[in-house]
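Report on the structure
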Amino acid sequence: MGNNFKMVAKTLFGFEPLLAKELRNLGAMEVKEGVRSVSFVGDKGFMYKANLSLRTAIKVLKPIDSFKVFSEEDLYKKVKRMPWEKYLDATDTLAIDATVHSDKFTHSKYIALKSKDAIVDRFREKYEQRPGIDLDFPTLRINMHIEKDTCTVSLDSSGQSLHKRGYKSATNIAPINEVLAAGMLLHSGWDGQCDFLDPMCGSGTILIEAAMIACNIPPNLNRKEFGFEKWKDWDEALFEKIEESVLKKMRDFHFTIKGYDKAPSAVHKAKDNVENANLSEFITVEQQDFFKSEKQTERHLHMVFNPPYGERLNIDMPEFYKAIGDTLKQSYPGTHAWFITSNLEAIKHVGLRPSRKIKLFNGSLESKLLKYEIYEGSKKAKKQ
């Protein structure tokens, strides 16, 4: 296909290698890791496929121009010169997101405003009519990125952030972002080849992402819409063909995926979300206190969870983390347990040595994803 172009997929800190690997597996060309982003080359069909299939991407951007900017006025002129009527009609709506890393330009909101003025003024002068602004569901979402004195203008092919998968009707007080959940699972090496447990499952996000990885289900299958569906070159037949081809790659799953939560309200929400995602045949959710539970399978168990943290909940942290360590040691032999925490002090109370630590961010909170390997009784025997 001769119609290839460069794209940039945005992600969370620490997920760049995961996203690069996902892109290569999908067939992207010229994959290059950046900071919280990965650039790659593909055609329109691949852009559709990337939006449907990428688990660790927040956005897929299509850069359409790049230029040096020396002042706000300069930015205005250069944005206004661009042929916006190729992408947008005067009766359409737009929204602009801006990110700025520069000494010269410091205010991203102002950059977004200046860019919007330039586009709107171009239409007003040419057609005596101007596009409206719609921050939630615009016809065209535009991304302005200023790095030092270089401005890159991109079209946002995703529309709303890709973590909005479309299966959540209910969340609890501290829901985990879907992209963060998927990235944690991929970092943990989860591939659907053993039993899985999330012992503090909240509204079920990690369970749902785990099942989609296990069955190779595209994560954004349930989304209502993508940004590119409103573009002038939207090709519905091509999209349906791509969707059909990714669905053919789904695979069978022969193990169990279980979630526990001790709050009945969380269990109820998790079940609702699992049903919305059409994954009830793969996931069971039970009301259960992890600290009173024990391993239910003879086989190897893969555990990934997001324990509640002190910022939101009233918990005695040292006590709580000690209980996590004790429960793992005493009741979960033959388990690889991974969890994320932003309470770096509390880790010391787990009483086990993590075999891996990966730095991530949960929202703005610096966090660690920790791995604990619990062996089949052999270590206990040695100590005695």
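From a predicted model like this one, the values you see are computed outputs, not experimental measurements.

1. A few points about the sheet that holds strand β15 (residues 365-374)
Paired through their backbone hydrogen bonds, the strands of a sheet run either parallel or antiparallel. Pairing is mixed across the open sheet formed by 7 strands, whose spatial order is β11-β10-β9-β12-β13-β15-β14. With partners counted over all chains shown, the strands left at the sheet margins are β11 (283-287) and β14 (356-362), one partner each. On average, each strand axis in the sheet is tilted by 20° relative to the strand beside it, whichever way the strands run. Here strand β12 (residues 301-305) runs beside strand β13 (residues 335-341); their pairing, made up of 5 bridges, is parallel. Paired with Phe305 across the two strands is Phe339, which belongs to β13. Sheet strands in contact with helix α8 (residues 264-276) are β10 (257-261) and β11, and its direction is about 165° off that of β11. Along the sheet, helix α9 (residues 317-331) contacts β12, β13 and β15; its crossing angle with β13, the most-contacted strand, is approximately 170°.

2. A word on the packing of aromatic side chains
If you walk through the whole model with that rule in mind, you get 24 aromatic pairs. Relative to Tyr87, the ring of Trp84 has its centre 6.1 Å away and its plane inclined at 65°; by these criteria the two rings are edge-to-face. As far as the burial class goes, Trp84 and Tyr87 line up, both buried. Where Phe339 meets Tyr372, the ring centres are 5.5 Å apart and the plane angle is 20°; that geometry is what we call stacked. In this pair, Phe339 is assigned in strand β13 and Tyr372 in strand β15, connecting sequence segments 33 residues apart. Of the aromatic side chains, those joined through ring pairs into one cluster are Phe290, Phe291, Phe305, Phe320, Tyr321, Tyr332, Phe339 and Tyr372. In this structure, Arg36 packs its charged tip against the face of Phe361, placed 5.8 Å from the ring centre.

3. Here's the deal with the sheet that holds strand β3 (residues 37-42)
With respect to topology, 8 strands assemble into an open sheet ordered β2-β3-β1-β4-β8-β7-β5-β6, the strand pairing being mixed. Of all the strands in the sheet, just β2 (29-33) and β6 (132-133) have a single pairing partner and so form its edges. Judged from the 3 bridges that link them, β2 and β3 form a sheet pairing that is antiparallel. In the sheet register, Lys32 faces β3, and the bridge partner there is Ser39.

4. Remarks on the nonpolar core
Ranked by size, the top nonpolar core spans 52 residues in total, and within it Leu23, Phe40, Leu75, Trp84, Ile119, Ile142 and Met144 carry the most contacts. When sequence neighbours within four positions are dropped, the list of residues in contact with Ile142 reads Trp84, Leu94, Ala95, Ile96, Asp97, Ile119, Val153 and Ser154. Counting 40 residues, the second largest nonpolar core, distinct from the first, contains Cys215, Ile257, Val285 and Ile340.

5. Re unusual backbone geometry
Within the chain, Glu128 stands out as a residue other than glycine whose phi angle is a positive 50°. You can see Glu128 is positioned in the loop between α4 (108-127) and β6. The exposure class of Glu128 is exposed, given its relative accessible area of 74%. The phi torsion at Asn216 lies on the positive side, around 55°, for a residue other than glycine.

6. Let's talk about the environment of Gly34
Note on placement: Gly34 falls in the loop between β2 and β3. Distance from Gly34 to Lys368, taken between C-alpha atoms, is 21 Å for residues 334 residues apart in sequence.

Rules behind the numbers
Residues numbered from 1 in each chain as written. Predicted model: local features only at pLDDT ≥ 70, side-chain atom pairs only at ≥ 80, totals over all residues. Heavy atoms only, no water. Pairing = 2+ DSSP bridges. Helix = DSSP H or I, 4+ residues; strand = E, 2+ residues; numbered from the N terminus. Axes fitted to C-alpha atoms, helices over the stretch in contact; angles between N-to-C directions. Contact = heavy atoms within 4.5 Å. Phe/Tyr/Trp six-rings, centres within 6.5 Å; stacked < 30°, edge-to-face > 60°. Buried < 20%, exposed > 50% of the residue type's maximum accessible area, 1.4 Å probe, protein only. Lys NZ or Arg CZ within 6 Å of the ring centre and 35° of its normal. Core = buried A, V, L, I, M, F, W, Y, C linked by side-chain atoms within 4.5 Å.

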